[in-house]
Amino acid sequence: MRAGGGFGRRRPRAVGALGAVVRAGVGRRRVQTAVMVLTTFIAVTSSVVAVGVLVASRAPFDHAMAEQRGAHLTAWFDARKATEAQLAATARASGVTGAAGPFRTVSLSPRTASASGEMPSGTNLPELTVTGRADAVGPVDRLDLVSGRWATRPGEIVLAEGDSALPTGTRLDFPGLPGPPTLTVVGIARSVTGTADAWVTPAQAEALTTPNGTSGYAMLYRLSSAGTDAEVAAGRAAITAAAPEGALTGTRSHLAVRQEQLANALAFVPFVAAFGVLALAMSVLIIGIVVSGAVGAATRRIGILKSLGFTPAQVVRAYVAQALLPAAIGCALGVALGNLLAGPVLGSVEDVYRGAPATIPWWVDVTAPAVALALVAAAALAPALRAGRLRTVEALTVGRTAETGRGRRSTRLPRGRTPGRPGRRLTGRLPLPGQAGRTPNPAQAPTTHQPPEPTPHPPRQLTERLPLPGQAGHTPNPAQAPTTHQPPEPTPHPPRQLTERLPLPGQAGHTPNTAQAPTTHQPPGPPPHTPHGRPPRRPTARLPQPVALGLAQSFARPARSATTAAAVALATVTVTFAVGLALTLGAVQTQRMLDSSAPVVVETGRGQGGPAGAAVVPAPGQQPGPQADPADVAAALKAEQRTRRFYSTVQGEVQVSGITGRTAVVGYDGDASWGAPELVEGSWLGGPGQAVVTQRFLDAAGVRVGDSVTLTEKGRSKTVRIVGEAFFTEDDGMVLLTRATTLTALGLDADAHRFHAQPVSGTATSAYLTALNEALADTGAVAHTNVDNASGVIAAMDALIAMLTLMLVAVAGLGVLNTVVLDTRDRIHDLGILKALGMTPRQTVSMVLTSVTGIGLLAAAAGVPLGITLHHYVTPLMGNAVGMDLPDAFLTVYDPLPLALLALGGVSIAVGGALLPAGWAARTDTAKALRTE
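Asker: Can you help me understand the overall build of the chain in this one?
Answerer: Counting its regular elements, the chain contains 25 helices and 21 strands. When burial is assessed residue by residue, the chain has 48% of its 933 residues classed as buried. Within the chain, counting contacts between residues at least 6 apart in sequence, those at least 24 apart form 81% of the total. Of the roughly 42600 Å² of accessible surface on the chain, 57% is carried by carbon and sulfur atoms.

Asker: Would you mind showing me how to read the packing of aromatic side chains here?
Answerer: Where two aromatic rings form a pair, the distance of their centres and the angle of their planes describe that pair. Within the structure shown, the criterion is met by 9 aromatic pairs. With 6.2 Å between their ring centres and 55° between their planes, F646 and F755 make a pair best called tilted. In this pair, F646 is assigned in strand 13 (residues 643-656) and F755 in strand 20 (residues 754-759), connecting sequence segments 109 residues apart. Taking the relative accessible area as the measure of exposure, F755 reaches 4% and is therefore buried. Ring geometry for Y647 versus Y668: centroids 5.8 Å apart, planes at 35°, classification tilted. Of the two residues, Y647 is situated in strand 13 and Y668 in strand 14 (residues 662-669); the sequence distance between them amounts to 21 residues. Y668 matches Y647 in its accessibility class, with the two residues each being buried. Aromatic ring contacts, followed pair by pair, group F268, F271, F275 and F577 into a single cluster.

Asker: Is there a simple way to explain unusual backbone geometry in this structure?
Answerer: A cis geometry characterises the amide bond from G101 onward to P102, with omega recorded as 5°. Position of P102 among the secondary structure elements: in strand 2 (residues 96-108). Of note, R69 is a non-glycine position whose phi angle comes to about 45°, a positive value. Inspection of the secondary structure assignment puts R69 in the loop between helix 3 (59-67) and strand 1 (73-78). Backbone geometry places D595, a non-glycine residue, at a positive phi of 60°. With respect to the helices, strands and loops of the structure, D595 is situated in the loop between helix 16 (558-591) and strand 12 (600-603). What makes D595 buried here is its relative accessible area of 7%.

Asker: I'm lost on the pattern of salt bridges in this one. Help?
Answerer: Oppositely charged side chains may form a pair once their charged atoms are brought near each other. All told, the structure shown has 10 salt bridges when counted by the stated rule. Taking the shortest distance from any N to any O, the salt bridge between R80 and D78 comes out at 3.3 Å. Using a relative accessible area of 12% as the deciding quantity, one classes D78 as buried. Residues R111 and D173 are paired through a salt bridge, measuring 3.3 Å at the closest nitrogen-oxygen approach. Taken as a pair, R111 in strand 3 (residues 111-112) and D173 in strand 7 (residues 171-173) lie far apart in primary sequence, 62 residues in all. Assessed through its relative accessible area of 11%, D173 is described here as buried.

Asker: How do you make sense of the pairing of strand 4 (residues 128-132) when you look at a structure like this?
Answerer: The side chains of a regular strand alternate between the sheet's two faces. Within strand 4, 5 of the 5 residues are buried, which leaves the element mostly enclosed by the surrounding structure. Residue alternation in strand 4 divides its side chains into two sets, L128, V130 and G132 and T129 and T131, and both sets are buried. Where strand 2 and strand 4 come together, 4 bridges link them in antiparallel fashion. Counterpart to S107 in the pairing with strand 4 is T129. The pairing of strand 4 with strand 9 (residues 198-200) spans 3 bridges and is classified as parallel. Bridged to T131 within strand 9 is W199.

Asker: Explain the packing of helix 23 (residues 841-881) against helix 24 (residues 896-923) here, please?
Answerer: Helix packing geometry: the angle between the two helix axes and the distance between the axes. Close contact between helix 23 and helix 24 brings their axes to 7 Å; oriented N to C, the two are set at 150°. Judged by the angle between their axes, helix 23 and helix 24 are roughly antiparallel. In this structure, the crossing between helix 23 and helix 24 has a hand that is right-handed. Seen from helix 23, the contacting residues are P841, T844, V845, V848, L849, V852, T853, G856, L857, A860, V864 and I868; seen from helix 24, they are L899, L902, A903, G906, V907, A910, V911, A914, L915, A918, A921 and A922. Taken together, the residues of the contact of helix 23 with helix 24 break down into 20 nonpolar, 4 polar and no charged.

So, how was this worked out
Residues numbered from 1 in each chain as written. Predicted model: local features only at pLDDT ≥ 70, side-chain atom pairs only at ≥ 80, totals over all residues. Heavy atoms only, no water. Helix = DSSP H or I, 4+ residues; strand = E, 2+ residues; numbered from the N terminus. Buried < 20%, exposed > 50% of the residue type's maximum accessible area, 1.4 Å probe, protein only. Contact = heavy atoms within 4.5 Å. Areas by Shrake-Rupley, 256 points an atom, 1.4 Å probe, with all protein chains shown as cover. Phe/Tyr/Trp six-rings, centres within 6.5 Å; stacked < 30°, edge-to-face > 60°. Salt bridge = Lys/Arg side-chain N within 4 Å of Asp/Glu carboxyl O. Pairing = 2+ DSSP bridges. Axes fitted to C-alpha atoms, helices over the stretch in contact; angles between N-to-C directions. Parallel < 35°, antiparallel > 145°, perpendicular 65-115°, else oblique. Left-handed = near helix turned anticlockwise from the far one by under 90°. Nonpolar A, V, L, I, M, F, W, Y, C, P; charged D, E, K, R; others polar.

Printed below as a string of structure tokens:
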């Protein structure tokens, strides 16, 4: 016989023998195989979605930037402070590798001079930034013609592609200019970084410029380093230094453009990546315990394989392959589902630029499963090496019987302590294997002249130490029977249940070995009694015996219990994180629109009546609706007794220093603090000359809270100081909030366009609207409920979060199930003994469930804080992905009651995973369990 226990000289062929062992192991352990498939499936799915969306969403933009030589930085200059020659010299600034311009720019307000589709003639359009450019190509920002041709002579204009782009052939006039001139749309073009809203010939741009109009120059730059905001800022500083002082009026970075285009897709990346990391950690954890349990349950089988000639290396490969095979199936399914889930996320990105398709790159589909398989192999390697190191004889001898002493450590007494003293472990009340005559009470010890009878047999099992049902004074060893002059006391009570038959420490009469009982002439000392005449019990004696046994099992296998606790903790982290995300996204959904806190809105019929910059156009053949007097509307709101409070808003568009094109402005009149958007920093509007904006606005303008910006309109200007940063996504967050008096100072109509009202508490909204509309019937105003514009992106996020959470919780439950199944099978013989001693099925279920309840409680207590920490870390990253800071109110979403429910959820996961094994243990036949070794 060779070393390793093999017989004979021929070894089995590696491929066929190993394949049979692997297939048998995978097919025999169906639950464990399903767990490994599901864990790797979730991990790979999350990884493919997170990494794929992050990479694939940027592919079209990066491809277009390279193909069209997009401008890293677009800069606008004041024509009154710099000449064309001075601006052309900025192309030699430090860090600039290419430049185009200067191009004459002018801001114009067009009007349709001909009907176009559903848009009638005479419709006022939002203001356009028109640039004079000779051709569509150049060293920087090569324009892509979507339709039509380039403008080559006066009277022609090319519009930028967008939702509001008019078809070719549409004629536009400009009422604010002398003439007024009329231009015909001859083409639609796309600029990768949106350098202008429209293009004309240089001569036409000069003709459209008026002394009192808003005009200037645009320069387009490519930088040597422009991958981060800091690098772009360094390039901007160099250009500013090279230009005349005060000439630079605004810039736009390609990074800001990319963020605007990809914001919705990139918002998915942080939380999906977090789920991917959780799934990978749970996959490694559970696969490690699955393979370890498989090795422990198949010790005898390993011995047989080695005796047949399998080398340790072959045994290791067999068990690693048993983990890799189901993991490979899960990886394949994860790649398929990951690509499927990423499709809708990338759908809106693919159409932004014509170029590289927005699909997940092939290397992501290869790398994600490769990393997952490597982690699976690493997790399975440690228990597989343990299987390879097993000695053949020991493996054949041990079989499925638990190792000697395993699980008994918790029953031992600390050194130096005598029975009956405090400080025992929970299971110290149970007789220990091989300890005949264990005397838990020193008062019951035999005297020196009455030595105990020698024990002719080796230490016996649990069944020989416990009295059987119906046997009074059960004496398992005749040699230990009492002498004739000391008959045993008769049992005055009928046979009791298991928990009543086990003698407890400190109870009189606890004499598991009758040979050690004191003689009649040496009576034991009287045991202490309570005032009710009963012997005192230790605190643990109050627990039902099945509960005590279940708690003891938690300490029998510390490594397995730790693995179960880790799985439940990861599941609790996942659920806590998911609940926090759902609450945060719910707050974003509610607060993302301006004035969403006001339940009732009154339309006066003035202004846009919709998004800033969109004119109200009556249908053909219809007359414009009546316009209510704001004073009459305010009087009606005050007269209605159920009105608690209200304020009004007015909308307009102005030119803001540092911002390209026209900027939407909302003016507030009245106390609007209760309906204002959530603030991230600073304070709400308190007086004239103040403004509140979003983080996107601050980044675009290059300012911070406390700085000032200048608003310009029709030759008038007004400087306002930014006093607060707010969160809202209406009009992409590029709206400036100020007082209505600011618009009045700019010569704009400041009459209220809308009133936002809140009825008194307890008032039905429908009844309030009915009464209010009756009061407003003669004014022309209409009251309605505030429309809840739900975001499809947030709804998709909620659905994805729910799916990933349910899958990870299911994996954790299966992990607990697998652990309890292994533990129950290892202790099947002990279970048969307990059933033979009278343990009922209900007590069996209680014992098994108790073995995981304590673990689940401790794991949940650790998992909830970790989930909160993960939420506070990931959620701001989601806001950064869309260029917005989140208010603290969106982060502190956990209340005490939900936290308590989350902690109970961890216990529920543990108990839910143990229900099936507990039922199986309760239904197990006693005789069959006793015959199992």
